[in-house]
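Given next are the chains, with one letter for each unit.
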Amino acid sequence: MPGSACSGCCGSIVLTLPEAFFVPALAPDFYAPMRRLAAASHDRQAAVALSRYSAAAPAMLSDPPSIRFEAATVRYPTTTGRRSTA
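Procedures and definitions
Residues numbered from 1 in each chain as written. Predicted model: local features only at pLDDT ≥ 70, side-chain atom pairs only at ≥ 80, totals over all residues. Heavy atoms only, no water. Helix = DSSP H or I, 4+ residues; strand = E, 2+ residues; numbered from the N terminus. Buried < 20%, exposed > 50% of the residue type's maximum accessible area, 1.4 Å probe, protein only. Areas by Shrake-Rupley, 256 points an atom, 1.4 Å probe, with all protein chains shown as cover. Salt bridge = Lys/Arg side-chain N within 4 Å of Asp/Glu carboxyl O. Patch = residues over 30% accessible without salt bridge, like charges linked within 9 Å, V, L, I, M, F, W, Y side chains within 5 Å.

Novice: Describe the overall build of the protein chain, naming the residues involved and giving the relevant values.
Specialist: Regarding its fold elements, the protein chain presents 2 helices and 0 strands. Scored against the burial criterion, the 86 residues of the protein chain give a buried share of 3%. For the protein chain, the accessible area works out to roughly 8,400 Å², and carbon and sulfur atoms hold 63% of it.

Here's what the structure looks like:
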């Protein structure tokens, strides 16, 4: 029975695991080690992903990209109809 007194002479209270877990779970410091572990795990995942990308990057960029234009035209805006500032 949850929260019942033990049959011992001291009259202490016996708690179940969920009851015993509830009180420290209310304290923010209780979760700090779990948060650090999760942060370290995410940092490791990001580092592994970056290392895989970095290892493939030189192979992908061994030849620089080239751009070729055929029959390209460059036009500048006309100054007709604009007022002179001088």
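Novice: Can you break down the pattern of salt bridges residue by residue, with the values?
Specialist: Taken as a whole, this structure holds 1 salt bridge when the rule is applied. Its salt-bridge partner being E70, residue R68 comes within 2.6 Å of it at the nearest N-O pair. Exposure class is identical for R68 and E70. Each is exposed.

Novice: Can you explain unusual backbone geometry? Please cite residues and give values.
Specialist: The phi torsion of most residues other than glycine is negative, and most of the peptide bonds are trans. Despite not being glycine, A71 has its phi angle at roughly 55 degrees, a positive value. Looking at the secondary structure, you find A71 in the segment after α2 (28-60). A71 sits in the exposed class, given a relative accessible area of 81%.

Novice: Explain a nonpolar patch on the surface to me, using residue names and the numbers behind them.
Specialist: A cluster of nonpolar side chains, namely F21, Y31 and M34, defines an oily patch on the protein surface of about 290 Å² accessible area. Structurally, the position occupied by F21 is in helix α1 (residues 17-25). Taking relative accessible area as the criterion, F21 reaches 43% and is therefore assigned partly exposed.

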